[in-house]
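Observations on the model geometry
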Amino acid sequence: MDEQALLSFYSGTARALRAYVARVSGDLNQVDDIVQESYLKLLRMPAPPDDPQQLRPLLFRIASNLMTDEWRRRRRTTKAAESHASEPNGSSLDMVLRLDMIRVFRQLKPQQRQMMWLAYVEGADHREIASALGVREGSVRVLLHRARRKLAALLQAPDSSRSAHG
C-alpha cells in the first residue's frame, strides 16, 4: 500500500474505528493505542488485500482481536471488580440516560458489545461482522439475536447492575 492509498484509507476509517474501540472497550485510555496498533498490524501484513472493501473489515477484526487480548490480559492480572460509571450529580435527563446506557452496555459480554456496535452503529451486515470478529457468517444472526435479547433484558431489569451475566 503506497502512502497516498494509506492516507486515503486512514481518513475513511480512523474516525469510525476510534468510535468502535472507545465504545466497545469502555477504556478511553486504551483507544489510541489499540487504533494505532491496528493500523500497524495491517501495514505489517505480508500480503494485505488491495480492495478497500476487504481492508475495512480486516482492520476492525484486528482491533477486535487487540481488545480481546487486552480483556484477557486484564482478567489474568487482576480479578478486581469492574468499575462502573459514576452517577450524575443532578445533570440533565439526557446525561442520566446516556450514563445508564453506558453502564448497561458494559454488562454485555465483549463479543456482544462488538456485534451490537458493528451492526447498529457501523451498519455492518452479517458478512462484515463475521469477517471483523472472526466468526462464521451463519453464527452472526444467532449471536446478534442473543445480544439484543440480553440488552433488552438488562434494560428492563429494575436495577441492571444486579442482572445475571450470560
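Residues numbered from 1 in each chain as written. Predicted model: local features only at pLDDT ≥ 70, side-chain atom pairs only at ≥ 80, totals over all residues. Heavy atoms only, no water.

Time to look at the confidence of the model for the chain. Mean pLDDT over the chain works out to 79, with 80% of the residues at or above the 70 mark. Confidence drops under a pLDDT of 50 for residues 160–165, and excluding neighbours within four residues, the segment shows 13 contacts in the predicted structure. (pLDDT = per-residue confidence, 0-100. Contact = heavy atoms within 4.5 Å.)

This part covers the packing of helix H1 (residues 3–25) against helix H2 (residues 31–43). It is the contact of H1 with H2, at a shortest axis distance of 10 Å, that shows an interaxial angle of 140 degrees. In terms of orientation, H1 lies oblique with respect to H2. Regarding H1 and H2, the two cross each other, and that crossing is right-handed. Touching Leu6, Phe9, Tyr10, Thr13, Ala14, Leu17, Arg18, Val21 and Ala22 of H1 are Val31, Asp32, Ile34, Val35, Ser38, Tyr39, Leu42 and Leu43, all from H2. (Axes fitted to C-alpha atoms, helices over the stretch in contact; angles between N-to-C directions. Helix = DSSP H or I, 4+ residues; strand = E, 2+ residues; numbered from the N terminus. Parallel < 35°, antiparallel > 145°, perpendicular 65-115°, else oblique. Left-handed = near helix turned anticlockwise from the far one by under 90°.)

A separate point is the pattern of salt bridges. Counted according to the given criterion, the structure contains 2 salt bridges. Across the pair Asp32 and Arg18 runs a salt bridge whose closest N-O atoms are separated by 2.4 Å. Taken together, the positions of Asp32 in helix H2 and Arg18 in helix H1 put the pair 14 residues apart, joining distant regions of the chain. Residue Arg127 pairs with Asp125 through a salt bridge whose shortest N-O separation is 3.9 Å. On the basis of relative accessible area, Arg127 is assigned to the partly exposed category, the value being 46%. (Salt bridge = Lys/Arg side-chain N within 4 Å of Asp/Glu carboxyl O. Buried < 20%, exposed > 50% of the residue type's maximum accessible area, 1.4 Å probe, protein only.)

Quick look at helix H7 (residues 137–156) now. Between the first and last C-alpha of H7 there are 29 Å, a value that for 20 residues agrees with the 28 Å anticipated at 1.5 Å per step. All of the buried residues in H7 are Ser139, Val140, Leu144, Ala147, Lys150, Leu151 and Leu154. Considered in projection along H7, the buried side chains sweep an arc of 130 degrees and stay on one side of the axis. Turned more than 90 degrees away from the buried face of H7 sit Gly138, Arg141, Arg149 and Gln156, all of them exposed. (Expected span 1.5 Å × (residues − 1). Arc of directions from axis to C-beta.)

Glancing now at the packing of aromatic side chains. Going through the model one piece at a time under the given rule, you end up with 3 aromatic pairs. Within the aromatic cluster, the residues linked to one another by ring pairs are Phe9, Tyr10 and Tyr39. (Phe/Tyr/Trp six-rings, centres within 6.5 Å; stacked < 30°, edge-to-face > 60°.)

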